[in-house]
Amino acid sequence: MIRMLLVEDEDRLIATLTKGLRTADIDVASARTGRDGLRMALEDGFDIMVLDIGLPDQEGFTVLRKLRAAGSDLPVIILTARSSAEDTVRGLERGADDYMPKPFSFDELVARIRLRARVADEVAATDSRTLTVGRCELDPVERTLVCDGVEIPLSPREFQLAQLLMSRPGEVIARAEALEEVWGGAAKDNVLDVYIRYLRAHLGPDAIETVRGVGYRFVG
Ligand code: CA
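Given the structure is predicted, the values throughout are model-derived calculations rather than measurements.

Draft legend 1. Spatial organisation of the overall build of the chain. When you go through the chain residue by residue, the secondary structure sums to 8 helices and 12 strands. Here the C-alpha atoms of the chain give a radius of gyration of 18 Å, agreeing with the 17 Å that 2.2 N^0.38 yields for 220 residues. The principal-axis extent of the C-alpha atoms belonging to the chain is close to 55 × 35 × 30 Å. Counting the 220 residues in the chain, one finds 48% classified as buried. Of the accessible surface of the chain, which amounts to about 10,800 Å², a share of 49% is contributed by carbon and sulfur atoms. Averaging the locations of the 29 positively and 38 negatively charged side chains of the chain gives two centres separated by 3 Å.

Draft legend 2. View of the coordination of the calcium ion. The protein atoms donating to the calcium ion are Asp9 (OD), Asp52 (OD) and Gly54 (O), with metal-donor distances spanning 2.2 to 2.4 Å. Residue Asp52 is classed as buried on the basis of its relative accessible area of 3%. We classify Gly54 as partly exposed; its relative accessible area is 46%.

Draft legend 3. Looking closely at the pairing of strand E12 (residues 215-218). Bridging between strand E10 (residues 172-174) and E12 involves 3 bridges; their strand directions are antiparallel. Bridge pairing in E12 places Ala174 opposite Gly215.

Draft legend 4. Focus on the sheet that holds strand E9 (residues 150-151). The strand order E6-E7-E8-E9 describes an open sheet built from 4 strands, whose pairing is antiparallel. Only two strands of the sheet have a single neighbouring strand rather than two, namely strand E6 (131-133) and E9. In the packing of helix H6 (residues 156-167) onto the sheet, the strands contacted are E6, strand E7 (136-139) and strand E8 (144-147), and the crossing angle to E7 comes to about 115°.

Draft legend 5. Representation of unusual backbone geometry. A cis geometry characterises the amide bond from Lys102 onward to Pro103, with omega recorded as -5°. By the element assignment, Pro103 lies in the loop between strand E5 (98-101) and helix H5 (106-125). Here the phi dihedral of Asp25 falls at roughly 65°; this positive angle occurs in a residue that is not glycine. Tracing the chain through its elements places Asp25 in the loop between helix H1 (11-23) and strand E2 (26-31). Classification of Asp25 as partly exposed rests on a relative accessible area of 42%. The backbone of Arg143 shows a phi angle near 55°, a positive value even though the residue is not glycine. Within the fold, Arg143 resides in the loop between E7 and E8.

Draft legend 6. Quick peek at helix H4 (residues 85-93). Of all the positions in H4, only Asp87, Thr88, Gly91 and Leu92 are classed as buried. Axial view of H4: buried residues confined to an arc of 130°, hence all on one face. In H4, the exposed residues that point more than 90 degrees away from the buried face are Ala85 and Glu86. For H4, the secondary structure elements touched by its buried residues are helix H3 (60-69), strand E4 (76-80), E5 and helix H8 (189-203).

Draft legend 7. A look at the domain arrangement of the chain. What the domain assignment reports for the chain is domain 1 (2-125) and domain 2 (128-218). Taking only C-alpha atoms into account, the centre of domain 1 sits 25 Å from that of domain 2. Across the boundary between the two partners, domain 1 contributes 13 residues, which contact 11 residues of domain 2. Interface area, domain 1 with domain 2, both sides summed: about 1,000 Å², of which 51% is carbon and sulfur. Remark: the boundary between domain 1 and domain 2 carries 2 salt bridges. Counting the contacts that link domain 1 with domain 2 gives 3 residue pairs in polar contact (both at pLDDT 80 or more). Elements with a minimum of two residues in the side of domain 1 that touches domain 2: H4, E5 and H5.

Definitions and limits used
Residues numbered from 1 in each chain as written. Predicted model: local features only at pLDDT ≥ 70, side-chain atom pairs only at ≥ 80, totals over all residues. Heavy atoms only, no water. Helix = DSSP H or I, 4+ residues; strand = E, 2+ residues; numbered from the N terminus. Rg over C-alpha atoms; globule rule 2.2 N^0.38 Å. Buried < 20%, exposed > 50% of the residue type's maximum accessible area, 1.4 Å probe, protein only. Areas by Shrake-Rupley, 256 points an atom, 1.4 Å probe, with all protein chains shown as cover. Lys, Arg positive; Asp, Glu negative; His and termini not counted. Charge placed at Lys NZ, Arg CZ, Asp CG, Glu CD. Donors = N, O, S within 2.8 Å, 3.2 Å for Na, K, Ca; no water. Pairing = 2+ DSSP bridges. Contact = heavy atoms within 4.5 Å. Axes fitted to C-alpha atoms, helices over the stretch in contact; angles between N-to-C directions. Arc of directions from axis to C-beta. Domains from an automatic or database assignment. Buried area = accessible area lost by both parts, 1.4 Å probe. Salt bridge = Lys/Arg side-chain N within 4 Å of Asp/Glu carboxyl O. Polar contact = N/O pair within 3.5 Å; in protein donor to acceptor, adjacent residues only side chain to side chain.

What follows is the structure, encoded as structure tokens:
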């Protein structure tokens, strides 16, 4: 049974999803405002959050930012009425794991919930070795990355990508592999480039080499 927190203000959608998802073995608790949603998310016990962007008291983006600022790595799928690339990038920048443009198909939502909730489980179970590459040290248990003695603040996705690249330093990680490992193969191709840009902004432009048409290599 997956425990899902739905933050959404449309009563009909709440009713449909709560009933429908239960038949898919997903237990839904719901909040109608960003404020309640954030409080419930931080109380723990959920495997995934599905978050509407248009909420009565604040934007879903704000809820997401506060959730991540509070240190939660609860997987989040955002629901957006607009399928614009801008909204998607904005959501991903603030730590969303996935997004669904409204209107969406019920089956697709179920598939994504299962995928994201599972991805989070696997991440928790991955290798706990500390990885040291050049001037950087990544601790998967503490979930910290320290370079030249300074801790680098990373979002959960950035951390996963850094962990993948640093697990095989000097080796080219193929684009398809990175997309599969970090996003479960469910993200658009260019999301990877966006995240490589974020990591370079943190680690310096030369830390990660682009191997054109193939993938990326961590050189530290
Ligand atoms: Ca809404």
